[in-house]
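Observations on the model geometry
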Amino acid sequence: MAKKKKKEKKLAKKLLHKYRLVILNEDTFEERFAIKLTRLNVFILTSISAISLIFLTVLLIAFTPLREYIPGYSSAKLKKKATMLNYKTDSLVQELELNKKYYASIRKVLTGDVATLEFNRDSIIEAAKTDLDILQVPTNREDSLLRLKVDKEDKYNLFEVEGDQSSYVLFPPVNGTISEGYDFEEKHYAVDVVVPINTPVKATADGTIIFAEWTVETGFVVIIEHNRELISVYKHNSAITKTQGDLVKSGEVIAMSGDGGELTTGPHLHFELWSKGYSVDPTNFIDFE
């Protein structure tokens, strides 16, 4: 036990024994630098320096492009390019398979290797007659009264001219909340629909643009002349995408909504509808919601 304690004291004495590190000028032997050290201090300083060096090396590799030069690491750009090339290769393979099938079908047509389908002409005619018999629904008194009622209502329709009216179904120019409705007595011959700025404004029906300019009071204004003496007006736009004389289709974008002009209180579309020179309430024919 005493020997063990003696060894420990001897080891502690060695570790804590002070040494003096002196740097001298070789010509004059002048002392330039001196420092007192112990073995324990040297061990601690060496350990701290080694740990710091390892830590800085890890940081340098992890957060600088130098890691790309280490085997096993790859750059983010290289990974991104590889992923994109993989996607493109997969798309090209699918496109190639489709082209092969397409060319194979064309080759069969050109070589006459097409299977013929045999059918019975009499059976087709009989089936057509059966379908016509199913479509022929007998009329009754209630049906006749309903047809008469609809005909009377059509007399007051906006499109009272006979003919194909499928192209005259009015398309809502925008969808939004109506802030101010049509009021004939107050001479507000339009509906104001609240929409965000730069909402696409669409033509309500096929027609020709007869006016598309900027006005001081109502900003950019677009006026479209439709068939059957119908005219639609779009005001307070921030921009227009068409010019005077352009032909537009129903639902085609003609302008971008805004709050242009002096007579505006916020972003909205001022929409008017005129039939044969008379204003009509657009909500009777268009659902803006």
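Quantities reported herein were computed from a predicted structural model and do not represent experimental measurements. Going along each chain's sequence as written, the residues are numbered from 1 onward. Residues qualify for local features only when their pLDDT is at least 70, as the model is predicted, and side-chain atom pairs are given and counted only at 80 or more; totals for whole chains, interfaces and linings, by contrast, use all residues. Computation of side-chain values covers all heavy atoms of the structure but excludes hydrogens and water.

**Observations regarding the pairing of strand β1 (residues 18-24)**
- The sheet contact formed by β1 and strand β2 (residues 31-38) spans seven bridges and is antiparallel. Bridge pairing links isoleucine 23 to phenylalanine 33 in β2.
- Where β1 hands over to β2, the hairpin turn is made up of six residues, of which phenylalanine 29 adopts a positive phi near 55°. Only when DSSP finds a minimum of two bridges between them are two strands counted as paired. The helix and strand labels rest on DSSP assignments: H or I over at least four residues marks a helix, E over at least two residues marks a strand, and numbering proceeds from the N terminus.

**Re the pairing of strand β10 (residues 253-257)**
- For strand β5 (residues 200-202) and β10, the ladder comprises three bridges, and the chain directions are antiparallel. If you follow proline 200 over to β10, its bridge partner there is methionine 256.
- With three bridges joining them, strand β8 (residues 230-240) and β10 adopt antiparallel strand pairing. If you follow isoleucine 240 over to β10, its bridge partner there is alanine 255.

**Section: a negative patch on the surface**
- Every patch collects residues that have over 30% relative accessible area and no salt bridge, joining them within 9 Å if they carry like charges and within 5 Å if they are nonpolar side chains (Val, Leu, Ile, Met, Phe, Trp, Tyr). Note on areas: Shrake-Rupley, 1.4 Å probe, and residue coverage restricted to the protein chains presented here. By definition, a salt bridge exists where a carboxyl oxygen of Asp or Glu is found within 4 Å of a side-chain nitrogen of Lys or Arg. Neither His nor the chain ends contribute to the count of charged residues, in which Lys and Arg are positive and Asp and Glu negative. A single reference atom marks each charge: NZ on Lys, CZ on Arg, CG on Asp, CD on Glu. A cluster of acidic side chains, namely Glu180, Asp183, Glu185 and Glu186, defines a negative patch on the protein surface.
- Relative to the helices and strands, glutamate 186 resides in the loop between β3 (177-180) and β4 (191-194).

**A look at the confidence of the model for the protein chain**
- Mean pLDDT for the protein chain: 80, with 76% of residues reaching 70 or above.
- You can read pLDDT as the predictor saying how much it trusts each residue, on a scale of 0 to 100. Averaged pLDDT values for the elements of the protein chain fall to 57 in helix α4 (residues 121-135) and rise to 96 in β5.
- In this description, contact between two residues means that some pair of their heavy atoms is separated by no more than 4.5 Å. Every residue in residues 159-167 is under pLDDT 50, and counting partners more than four places away or in other chains gives 13 contacts.

**A closer look at unusual backbone geometry**
- Backbone geometry at lysine 187 places phi at a positive 60°, although glycine is not the residue there.
- For lysine 187, the location among the structural elements is in the loop between β3 and β4.
- Three labels apply to residues, based on accessible area from a 1.4 Å probe with only protein chains included: buried if under 20% of the type maximum, exposed if over 50%, partly exposed otherwise in between. With relative accessibility at 65%, the residue lysine 187 sits in the exposed group.
- One non-glycine residue, arginine 228, lies in positive phi territory at about 60°.
- Its location among the elements puts arginine 228 in the loop between β7 (219-226) and β8.

**What to know about the pattern of salt bridges**
- Enumeration according to the criterion identifies two salt bridges in this entry.
- Note that lysine 235 and glutamate 272 form a salt bridge whose closest N and O atoms lie 3.3 Å from each other. A residue pair is termed long-range when its members are at least 10 positions apart, and lysine 235 in strand β8 and glutamate 272 in strand β11 (residues 268-275) qualify at 37 residues.

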